[in-house]
Amino acid sequence: MATKDAGKRVTDRREQILDEAQRLFLGHGLEAVTTRQIAHAVGISQPSLYAHFANRDAIAVELCIRAFQQLEQRLGAVDARLIGVERVRELCRAYIAFGLEQPAAYRVAFHADIAVDDVSGMHRGLEAGISAFSILHQAYADIIADHAQAELAAQSVWAGIHGLVSILLTRPEFPFVDLRLLVDAHLDRLLAADRL
């Protein structure tokens, strides 16, 4: 029982560190936040933080992976009975909703300048990001038989919805039209029949 409680405390502390780091990253940007600030926000010493994460970048990578996993869950929850453009549209809506409802997670996943892996030379959250993207890609593969064209369409639409979410998050002071109308118009243009 004591071992189980200790394991839960370690997990809880890790989650607390991640939550506080995400809050700080959102407020100040990744580069401006130190492990000392994160430890202080959690109420632990800096060496205690290092028992959970090697450095700030390790925390950022973990947050990035966690955000992409949350996005993947959101996309995976779209009704599998939907087909064709209707399915793609609902996946896009789920993506947009995730970004607007979870701005801190979204910004860490897509906007944080996370260092690449020294060995592979790739972004450390790439695998989790590709896993989330694969749901949209599969929806296009079900519509477009040519693999290269399905990939192109999925990437283009992913970039389009990312652009919408990013501008809504980074420039909330802009006099945007009604959000529902904006999302509908954006998706109508992205998913125009001549592009499928």
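In this convention, every chain numbers its residues from 1, walking through the sequence in written order. Two thresholds apply to this predicted model, a pLDDT of at least 70 for residue-level local features and 80 or more for giving and counting side-chain atom pairs, whereas whole-chain, interface and lining totals are computed over all residues. Only heavy atoms go into the side-chain values, all of them from the structure, while hydrogens and water stay out.

Undergrad: With reference to specific residues and values, describe the packing of helix α8 (residues 147-170) against helix α9 (residues 179-190).
TA: To define axes, lines are fitted to C-alpha atoms, for helices over the stretch in contact only, and angles between the resulting N-to-C directions are given on a 0 to 180 degree scale. Under the scheme used here, helices are H or I runs from DSSP no shorter than 4 residues and strands are E runs no shorter than 2 residues, and both carry numbers assigned from the N terminus. Between α8 and α9, whose axes approach to 10 Å, the crossing angle comes to 160°. In terms of orientation, α8 lies roughly antiparallel with respect to α9. Between α8 and α9 lies a crossing of right-handed hand. Contacts from V157, G160, I161, L164 and L168 in α8 reach L179, L182, V183, H186, L187 and L190 in α9. Should an angle fall under 35 degrees it is called roughly parallel, over 145 degrees roughly antiparallel, and 65 to 115 degrees roughly perpendicular, with every other angle called oblique. For any pair of crossing helices, the crossing counts as left-handed if the nearer helix is rotated counterclockwise from the farther one by less than a right angle, and right-handed if it is rotated clockwise. Any two residues having at least one pair of non-hydrogen atoms within 4.5 Å are treated as being in contact.

Undergrad: Which residues make up α8, and what are the values?
TA: Helical geometry note: an α-helix holds 3.6 residues per turn, so side chains three or four residues apart project in the same direction. Expected helix span is given by 1.5 Å per residue-to-residue step, counting one fewer step than there are residues. For α8, spanning 24 residues, the distance from its first C-alpha to its last is 34 Å, which sits close to the expected 34 Å at 1.5 Å a residue. On its buried side, α8 packs onto α4 (56-76), α5 (84-101), α6 (103-110), α7 (126-141) and α9. Two to three positions downstream of the cap, the backbone nitrogen of A148 sits 3.1 Å from a side-chain oxygen, assigning the N-cap of α8 to D146. In protein, a polar contact requires one atom able to donate a hydrogen and another able to accept it; more generally it is a pair of N or O atoms within 3.5 Å, and residues adjacent in sequence count only if both atoms are side-chain atoms.

Undergrad: Explain the environment of A185 to me, and be specific about the residues and the numbers.
TA: Secondary-structure assignment places A185 in helix α9. Between buried and exposed lies partly exposed: a residue is buried under 20% and exposed over 50% of the maximum accessible area for its type, with that area taken using a 1.4 Å probe on protein chains only. Using a relative accessible area of 26% as the deciding quantity, one classes A185 as partly exposed. Separated by 145 residues in the primary sequence, A185 and H40 place their C-alpha atoms 45 Å from one another.

Undergrad: Please set out the side chain of Q22 residue by residue, giving values where relevant.
TA: By secondary structure assignment, the location of Q22 is in helix α1 (residues 2-28). Judged by its relative accessible area of 14%, Q22 falls in the buried class. Residue contacts for Q22: discarding those within four places in its chain leaves L63, R66, A104, A105 and V108.

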